[in-house]
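Structural overview
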Amino acid sequence: MATKIRRLTLSTGWLIVALVAGLPLFGVIVGLWPSVPISGADVIRFFAYNGLTLSITNTLFISLAAPLLALYVAFMVYSQYRFNPRWQTLEKRLAPLLSLPHLAVALGLVYLFSSGGMVFNALWGLFGQAAPDWLGLPRKSLLTMVLAISIKEVPFFLLILSALGRQLAIKDWLLQGKALGYTERASWWLLIFPIMLKQSRLALLAAMAYTLSVLDLSLLIGPNIPQLYAVVLYNWQTGFTTYEQANAFLGNLVLLVMLGLLIFSIYVHEWFAVMRLRTNAIMANPFRIARISQIFTAWLSFFSLLTVAILATFLLWSMGWNSQSTLSTANWSFVLWQDEWFFMQRPLLNSLNIAFFSSILGVAVTLLALELQQQTKRKLPDYIWLMAILLPQLSMVYGWQVAHTGLSGSYSTGWIILSHLPFTFAYSYLVLRGPFQSLNRHYELVAASFGYTYWQRWWRIRFMLLRPALLSALAIAFSVSVAQYIPTLMIGAGRVTTITTEAVAIASGNEQSITAVYIIVQAALPFIAFLIASILAQRIRGSFDAEHP
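Since this is a predicted model, take the numbers as computed values, not measurements. (Residues numbered from 1 in each chain as written. Predicted model: local features only at pLDDT ≥ 70, side-chain atom pairs only at ≥ 80, totals over all residues. Heavy atoms only, no water.)

**Digging into the packing of aromatic side chains**
Tallying each qualifying case throughout the model produces 22 aromatic pairs. Note on Y111 and W317: the rings are 5.3 Å apart at their centroids and 50 degrees apart in plane angle, and the pair reads as tilted. On the criterion of sequence distance, the pair formed by Y111 in helix α5 (residues 102-113) and W317 in helix α15 (residues 299-318) is long-range, its members being 206 residues apart. For the pair formed by Y111 and W317, the shared burial category is buried. Ring geometry for F425 versus Y429: centroids 6.2 Å apart, planes at 45 degrees, classification tilted. Taken as a pair, F425 and Y429 lie in helix α20 (residues 413-437) at a separation of four residues, close to a single helical turn. Judged by its relative accessible area of 1%, F425 falls in the buried class. Residue class for Y429 comes out buried when judged on its relative accessible area of 1%. (Phe/Tyr/Trp six-rings, centres within 6.5 Å; stacked < 30°, edge-to-face > 60°. Helix = DSSP H or I, 4+ residues; strand = E, 2+ residues; numbered from the N terminus. Buried < 20%, exposed > 50% of the residue type's maximum accessible area, 1.4 Å probe, protein only.)

See below:
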């Protein structure tokens, strides 16, 4: 009887994790099912769409350039900080830096460095002149997109490299490089970079898949003529005519082909980078890239300063500053905050509600997935659990929308929570996998020898030891849910508003002051979550140390 109950419990557990982990693939498959008959004329008309080739080319360029740039910068930062006393400080700041929404970074760069931005206005204002229009970052361009995404992805890659670095004998390899006559900087690139590049494939693919189908950034800071492919495809997916539905189906196919091209490019880049490094080593060519690495010793200060500058800019805009005024002539007040509070309450409550439940559920299912693998000694490949961040969001959410409509689902927060769950699960899995698998089982063996049952050991030892990691996972899952735009918009059909959907809607207009209010609130939610998680984690560690001196 006990064996049957155990089998039933395991089967139910596997079913739950399979449903959550498999939802992204289900969405992509449903999205590939044509809702209208497709003819040859539809295919010809699709490829003749005005500006489609350039739109696809630009999207592929951004999806390739921004993550690769972020990876290289992250490696240079990592190589400069790894054996630096400041590395521990940097590691502690990575998760909060990671929580800053992409939207905040992108709009922050525009508010700061565009021709009417705060930096150039302040500099030219010193001489009593207005900054020229040609100066600064364009409001909507490929360059702005690449810069915004690459700057935002650096902390993500640093987190990945930090986890990889713990598993590698970097010190020994550096010593071997020194024995062969290479400098330390050259040894980092010759001996460590090729290994880390290979092991970062999934992270690189996740960043590329995100960039490929990111909608909010493409709408707000991407080029207009032609629009990026995510915007074009979204317009087709939300269209009602037969022509648009046919294009949506073909567009989903093209999006997956683009993803395939990006996967291929990861391997080509890896081969090219390794060959180039090998050639330089054989020919004794100077490692110019190794010299550039020195610049990134100032990265932590730069990124911290940039984050503070972005938040300060939004705060000033929300309090009355604008591009036509100076700090002394601005009409400072909190009137805008008071006026917007009435409109903000519902989206704020929705954001908190959705993020709270989707993060709790995401972490719970992650624990279940890890526990099941531990129990059955069946370790499945990571890409199975991370499909939500490895597949293009637009394709999978379109499939969910079709299924949601087919089931006559309501436009309620319950469905939005369900649509956020695969993402909170994937990120929680990334955070918890390492701590869970590296738990010292010795404590549980000792507890078993004292007669503790399985559930007692799980709760009193495993869960207690995992509490700091669980809090970090909850904070990251919460911030991931707060930043979700496509699932909230498409499954909620615009009837369930959150801070993020409102911020994007307002930012599409010209009300920069109101946009600043919503962006500050959007950035504050993850920050508060990380702050609470950090305080609780310190108390837990403190109490644990007091109990186990």
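**A word on unusual backbone geometry**
Of the consecutive residues I225 and P226, the connecting peptide bond is found in the cis state with omega at -10 degrees. Along the chain, the position of P226 falls in the loop between α11 (216-221) and α12 (229-237). One non-glycine residue, K377, lies in the positive phi region at around 55 degrees. Here A493, not a glycine, exhibits a phi torsion of approximately 50 degrees, which is positive. Relative to the helices and strands, A493 is located in the loop between α23 (486-492) and α24 (499-507).

**Some remarks on the side chain of H420**
Mapped onto the elements of the fold, H420 is located in helix α20. For H420, a relative accessible area of 1% puts it in the buried group.

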